[in-house]
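# Commentary on secondary and tertiary structure
So you can see what is in the structure, the chains are spelled out below.
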Amino acid sequence: MGGLRVHGSPFSTATMRVLAVFHEKELEYDFVQVDMKSGEHKTDKFLALNPFGQVPAFEDGDIKMFESRAITQYLAHTYADRGTQLLFKEPKKMADQSVWVEVEAHHFDKVASKLAWELCLKPMFGMKTDEATAEELKGELGKVLDVYEARLSRTTFISGDAFGLADVHHAPVVHYLMSSPAKEVFVARPHVGKWAEYILSRPAWARVVALQNKE
Amino acid sequence: MATPVKVYGPAASTAVSRVLACLLEKEVQFQLINVNMSKREHKSPEYLKIQPFGQVPAFQDDSISLFESRAICRYLCEKHGNRGNKNLYGTNPLVKASIDQWIEAEAQSFNQPSSALVFQLVFAPKFKIKQDEGVIKQNEEKLSKVLDVYEKRLEESRFLAGEEFTLADLSHLPNAQYLVHATDRARGLFTEKKNVWRWWGEISGRESWKKVVDMQNAPPA
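What you see is a predicted model, and the numbers here were worked out from it, not measured in a lab.

How each quantity is defined
- Residues numbered from 1 in each chain as written.
- Chains lettered and ligands numbered in written order.
- Predicted model: local features only at pLDDT ≥ 70, side-chain atom pairs only at ≥ 80, totals over all residues.
- Heavy atoms only, no water.
- Helix = DSSP H or I, 4+ residues; strand = E, 2+ residues; numbered from the N terminus.
- Buried < 20%, exposed > 50% of the residue type's maximum accessible area, 1.4 Å probe, protein only.
- Contact = heavy atoms within 4.5 Å.
- Areas by Shrake-Rupley, 256 points an atom, 1.4 Å probe, with all protein chains shown as cover.
- Lys, Arg positive; Asp, Glu negative; His and termini not counted.
- Charge placed at Lys NZ, Arg CZ, Asp CG, Glu CD.
- Core = buried A, V, L, I, M, F, W, Y, C linked by side-chain atoms within 4.5 Å.
- Domains from an automatic or database assignment.
- Pairing = 2+ DSSP bridges.
- Right-handed = clockwise from strand over helix to strand, strands pointing away.
- pLDDT = per-residue confidence, 0-100.
- Axes fitted to C-alpha atoms, helices over the stretch in contact; angles between N-to-C directions.
- Buried area = accessible area lost by both parts, 1.4 Å probe.
- Polar contact = N/O pair within 3.5 Å; in protein donor to acceptor, adjacent residues only side chain to side chain.
- Nonpolar A, V, L, I, M, F, W, Y, C, P; charged D, E, K, R; others polar.

For the rest of this paragraph, the subject is the overall build of chain A. Helices and strands together make up the secondary structure of chain A, namely nine helices and four strands. Listing every helix and strand of chain A by position from the N terminus yields β-α-β-α-β-β-α-α-α-α-α-α-α. Dimensions of chain A along its principal axes, counting C-alpha atoms only, are 45 × 45 × 25 Å. When each of the 215 residues of chain A is scored for burial, the buried share is 58%. Taking the intrachain contacts of chain A between residues at least 6 apart in sequence as the baseline, contacts between residues at least 24 apart amount to 66%. Carbon and sulfur atoms provide 53% of the accessible area of chain A, an area that totals close to 9,400 Å². With 26 positive and 30 negative side-chain charges, chain A shows a separation of 2 Å between the mean positions of the two kinds.

Written out as structure tokens, the structure is:
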């Protein structure tokens, strides 16, 4: 094994999604920081790794990939026997988790990423939060988390009865929102609040966050 | 053979038609159960039990109830690996990784601008909702940039994930079908790119997709 490489930024939620899986699977990897401030992600050299000019990009020997949720699936399957088990062997449980992987990508991320941008990332870049937009997004997030509350009252995790890939996928954006005024949207819903705190308490997640402090 | 699987939703829905295309490619028998969206059936308590976000499609077979079209497609390919088109979700992990990558590209980059345009150009006029020229222009520009990436990819590769038609290509059929037939401007986004247009001709010419389009055009029951 060797030759696992990620190109990205430790502050990018998509990059963090991949890093989280590396750490859950206890895989060693090379982290190549991409200087987004100077537009490195739009250079021809980087576009050869991710033609959409986005982070992350990933290499495993000769294999090159982009799209964080495809990379995480690849890692979870290829290194199934290492570290935390993130997939289910039983087909019904796997199909059920697959639904919630899509829910994160299509329902949660759409709203939550925009909210994290308004409340957390814009201030980091010296821009001003648009309070009206943030309030509207908080309302929309609440509706999505109502569905999550119902889910989590039947299963311990979003992935099902065990922690899995669908839970890991949420960690980056949940991390930003739980340290912002949007935290109240999560903790107002008891099962959601507990789940959010749990996924952020994983040692693997702490290692991902530590990379931000190395900046 | 097992009882036909159930798909809930109108064939006209892009997400429903994504599942129908997959079922036809895999030669899995199905029953399409209409959900009367103009009567808000998709928001009824009974329907919310099978799709908690109140959207179409929902899916049931004899062992499971699912939603999210791309999850349903993956499930069908895993469960019925040896039926119909065996290459749809790849026959080895490396091909599968490439397919997953381009399904994500569709879901994360292609879907949003193309969906917005489908709504503005096809459904808004149908439901007598005023079109927003600003939204149309903005999404045309976004979609054009995405298709620039596809144009480069399809120079090196017959289909998105490689040399075979896969779920990655199939995922694009629903939105692109509407856009190519919506307006000259929308069609132009595809025809102006040589490789994209060649790819569109191949994927939309498949028997399975033609059957889905027939279902969409069939008179209401």
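A few words on the nonpolar core. Of all hydrophobic cores here, the largest spans 134 residues; its most connected members are Leu75, Leu141, Tyr148, Phe186 and Trp195 of chain A together with Tyr150 and Leu167 of chain B. Top contributing element to this core by residue count: helix H4 (residues 91–124) of chain A, with 13 residues. For this core, the domains that each give at least three residues are domain 1 (5–86) and domain 2 (93–208) of chain B. The contact partners of Trp195 of chain A, leaving out residues within four places of it in the chain, are Tyr148, Leu152, Phe157, Ile158, Asp167, His170 and Val174 of chain A. Among the nonpolar cores identified, the runner-up in size contains five residues, and Val34, Phe46, Leu49 and Val55 of chain A belong to it.

This brings us to the pairing of strand S2 (residues 30–33) of chain B. Residues and elements named next belong to chain B. The pairing of strand S1 (residues 5–8) with S2 spans four bridges and is classified as parallel. Bridging from a neighbouring strand, Val7 pairs with Leu32 of S2. A crossover links S1 with its parallel partner S2, the connecting element being helix H1 (residues 14–26), and its sense is right-handed.

Looking now at the pairing of strand S1 (residues 4–8) of chain A. Of all five residues in S1 of chain A, four are buried, a share of seventy percent or more. Note that the unit made of S1 of chain A, helix H1 (residues 13–24) of chain A and strand S2 (residues 30–33) of chain A has a crossover that is right-handed.

Bringing the confidence of the model for chain B into the picture now. Averaged over chain B, the pLDDT score is 96; the fraction of residues at 70 or greater is 98%. Interface predicted TM-score (ipTM) for the complex: 0.95; the corresponding pTM is 0.96.

So, about the sheet that holds S1 of chain A. All names here are of chain A. What the four strands build is an open sheet, ordered S2-S1-S3-S4; its pairing is mixed. Only two strands of the sheet have a single partner each, and these edge strands are S2 and strand S4 (63–66). Pairwise comparison of adjacent strand axes, ignoring direction, gives a mean angle of 20 degrees for this sheet. The pairing of S1 with strand S3 (residues 57–60) spans four bridges and is antiparallel. Directly across from Leu4, in S3, lies its bridge partner Asp60. Along the sheet, helix H3 (residues 68–78) makes contact with S1, S3 and S4, crossing S4 at roughly 135 degrees.

Another aspect to go through is unusual backbone geometry. Pro56 of chain A follows Val55 of chain A through a cis peptide bond whose omega is 0 degrees. Along the chain, the position of Pro56 of chain A falls in the loop between helix H2 (44–47) and S3. Geometrically, the link from Val56 of chain B to Pro57 of chain B is a cis peptide bond, its omega value of 5 degrees lying close to zero. Along the chain, Pro57 of chain B falls in the loop between helix H2 (45–50) and strand S3 (58–60).

Every contact between the two is made by 26 residues of chain B and, on the other side, 27 residues of chain A. Looking only at chain B, the three residues that lose the most surface to chain A are Phe53, Gln101 and Gln108 of chain B, adding up to 25% of its buried area. Remark: the boundary between chain B and chain A carries six residue pairs in polar contact (both at pLDDT 80 or more). Only strand S4 (65–67), helix H3 (69–79), helix H4 (93–126) and helix H5 (133–156) of chain B provide two or more residues apiece to the side of chain B that touches chain A. The residue makeup of the side of chain B that touches chain A, split by class, is 15 nonpolar, five polar and six charged.

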